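So you can see what is in the structure, the chains are spelled out below.
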Amino acid sequence: MRIAVAADSLDGVAATVVTELRERGHEVIAHGALNDSERDDWAWASAAAARDVAEGRAEQAVVCCWTGTGAAIAANKVRGVRAALCADGYTADGARRWNDANVLALSLRVVSEPLLKEILDAWFAGTASTDPADVANVAHLEA
Ligand SMILES: O=C(CO)[C@H](O)[C@H](O)COP(=O)(O)O
């Protein structure tokens, strides 16, 4: 899968997210602090990754900032993006299963390497629900 990855710094697991995704066979499009030729503020970097998803250059994205909150908010400003801030595997599984989330937001402060692996395992194992109540999710709010 092609996955856009954004971070506003190289703190914590920022670089490990890229390594881990590549080791899992994904192609990474790097943004923000992970790309020397780009701005590294969280709103800009996260929105760039989210636009990759919305415009079809990537299937999913992982967006990171110190708390993960700003990255999630910025990504969710992009139409068609459903970004979920996940701090454990259970939340990541639910985000895919019940929310059909297409952007994973992470806190560089909270997420350790073992936790990152747990979150990614759950994120990629999770398939979106086919229950109509779940499928409808937030689409009607975008009108
Ligand atoms: O968590 C964040 C936003 O939600 C940022 O990473 C945090 O605010 C630091 O940003 P800056 O380096 O621009 O002050």
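Residues numbered from 1 in each chain as written. Predicted model: local features only at pLDDT ≥ 70, side-chain atom pairs only at ≥ 80, totals over all residues. Heavy atoms only, no water.

Per an unreviewed UniProt entry, the chain goes by Ribose 5-phosphate isomerase B and derives from Nonomuraea africana. Here the chain is described in UniProt, under the heading Sequence similarities (unreviewed entry), as follows: "Belongs to the LacAB/RpiB family." (UniProt positions renumbered as here; feature names shortened; annotations may be inferred.)

A. Representation of the site of the ligand. Around the ligand sit Asp8, Trp42, Cys65, Trp66, Thr67 and Gly70, and those are all the residues in its vicinity. In this structure, an oxygen atom belonging to the ligand sits 2.6 Å away from a side-chain N or O atom of Asp8. The backbone of Gly70 places a nitrogen or oxygen atom 2.9 Å from an oxygen atom of the ligand. Relative to its unbound accessible surface of 380 Å², the ligand loses 52% to contact with the protein. Of the residues in the shell around the ligand, the class split is three nonpolar, two polar and one charged. (Near = heavy atom within 4 Å. Polar contact = N/O pair within 3.5 Å; in protein donor to acceptor, adjacent residues only side chain to side chain. Areas by Shrake-Rupley, 256 points an atom, 1.4 Å probe, with all protein chains shown as cover. Nonpolar A, V, L, I, M, F, W, Y, C, P; charged D, E, K, R; others polar.)

B. Spotlight on the sheet that holds strand E5 (residues 103-107). Spatial strand order, E2-E1-E3-E5-E4: five strands in an open sheet with parallel pairing. Two strands close off the open sheet at either side, each with one partner strand: strand E2 (27-32) and strand E4 (83-85). Between one strand axis and the next, the sheet turns through 20 degrees on average, direction left out of account. Strand direction decides the pairing type here: strand E1 (residues 2-7) and strand E3 (residues 60-65), joined by five bridges, are parallel. The partner of Val5 across the bridge, within E3, is Val62. Seen against the sheet, helix H1 (residues 14-23) touches E1, E2, E3 and E5 and runs at an angle of roughly 170 degrees to E1. (Pairing = 2+ DSSP bridges. Helix = DSSP H or I, 4+ residues; strand = E, 2+ residues; numbered from the N terminus. Axes fitted to C-alpha atoms, helices over the stretch in contact; angles between N-to-C directions. Contact = heavy atoms within 4.5 Å.)

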